[in-house]
Amino acid sequence: MKFKEKGNFAERCYEILRKVPKGKVTTYKAVAKKLGTKAYRAVGRAMNKNPHSFFNGGNVACHRVIGSDGSLVGFAHGLKKKGEMLKSEGIEIKNGKVDLEKYEFKF
DNA sequence: TATTTGACCAAGA
DNA sequence: ATCTTGGCCAAAT
């Protein structure tokens, strides 16, 4: 009984993102690792789709996900917007980057 | 079914 | 420090 359950992967990502408290951020790598995979890219791609975005009535903080380097890699509505949102949550951004040491939320 | 893509990452030049 | 290359995995086309 091997159920591939494709599509479940993305759902998992959203669940994890929901666990990230306000004022904290996580990295694609961390999420992928949590899922027990190395599909960093797949995670980000799932965010791009983000069926649970705030605009869709969901509550997945896709903007709290950043690169392992602390950079705001990308955002569906523009990196600029992403930075603003993070600042609004109390996260300090320096030179377009976030201090992972301070704001990275560990599961 | 096969190919391409993507909000990544690490290493090399 | 920046740019390029290769590798990784899942979803889209």
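Residues numbered from 1 in each chain as written. Chains lettered and ligands numbered in written order. Predicted model: local features only at pLDDT ≥ 70, side-chain atom pairs only at ≥ 80, totals over all residues. Heavy atoms only, no water.

Explain the side chain of T27 to me, and be specific about the residues and the numbers.
Assignment of secondary structure puts T27 in strand β1 (residues 26-27). The buried category is assigned to T27, whose relative accessible area is 3%. Beyond its immediate stretch of four places on either side in the chain, T27 contacts V65, I66, G67, S68, L100 and E104. (Helix = DSSP H or I, 4+ residues; strand = E, 2+ residues; numbered from the N terminus. Buried < 20%, exposed > 50% of the residue type's maximum accessible area, 1.4 Å probe, protein only. Contact = heavy atoms within 4.5 Å.)

How would you explain the protein's contact with DNA strand B if you had to name every residue and give the values?
The environment of DNA strand B is formed by 17 residues, the closest being Y28, K29, R41, N48 and V73. Among all atoms of DNA strand B positioned within 4 Å of the protein, those belonging to sugar or phosphate total 49%. Measuring from a base nitrogen of DNA strand B, one finds a backbone N or O atom of M47 at 3.2 Å. One of the backbone N or O atoms of C62 is found 3.3 Å from a base nitrogen in DNA strand B. For the surface near DNA strand B, the element with the most residues is helix α3 (residues 40-49), which contributes seven residues. The residue inventory of the surface near DNA strand B, partitioned by class, reads eight nonpolar, five polar and four charged. (Near = heavy atom within 4 Å. Polar contact = N/O pair within 3.5 Å; in protein donor to acceptor, adjacent residues only side chain to side chain. Nonpolar A, V, L, I, M, F, W, Y, C, P; charged D, E, K, R; others polar.)

Outline the nonpolar core, supporting the account with residue identities and numerical values.
Y14, L17, V31, V43 and M47 are the most contacted members of the largest nonpolar core, which totals 16 residues. Of all the elements in the fold, those that place two or more residues in this core are α1 (8-19), α2 (28-34) and α3. Among residues more than four places away in sequence, those in contact with L17 are T26, V31, M47, V60, A61, C62 and V65. Grouped together as the second largest cluster of nonpolar side chains are eight residues, L72, I91, V98 and L100 included. (Core = buried A, V, L, I, M, F, W, Y, C linked by side-chain atoms within 4.5 Å.)

Residues and numbers for the pattern of salt bridges, please.
Applying the stated criterion across every chain yields a total of four salt bridges. Taking the shortest distance from any N to any O, the salt bridge between R64 and E89 comes out at 2.7 Å. Note that R64 is positioned in the loop between α3 and β2 (65-66) and E89 in the loop between α4 (79-88) and β3 (93-94), a separation of 25 residues in sequence. A relative accessible area of 11% places R64 in the buried class. Overall, the relative accessible area of 14% leaves E89 in the buried class. Between K97 and D69 there is a salt bridge whose closest N-O contact spans 3.3 Å. Here K97, found in strand β4 (residues 97-98), pairs with D69, found in the loop between β2 and α4; they are 28 residues apart in sequence, far enough to count as distant. For K97, a relative accessible area of 37% corresponds to the partly exposed category. (Salt bridge = Lys/Arg side-chain N within 4 Å of Asp/Glu carboxyl O.)

Give a detailed account of the packing of aromatic side chains, specifying residues and quantitative values.
Note on aromatic pairs: each is described by the distance of the centres and the angle between the planes. In the structure shown here, the tally under the stated rule is one aromatic pair. Seen from their ring centres, F105 and F107 are 5.5 Å apart, and the 80° between their planes marks the pair as edge-to-face. (Phe/Tyr/Trp six-rings, centres within 6.5 Å; stacked < 30°, edge-to-face > 60°.)

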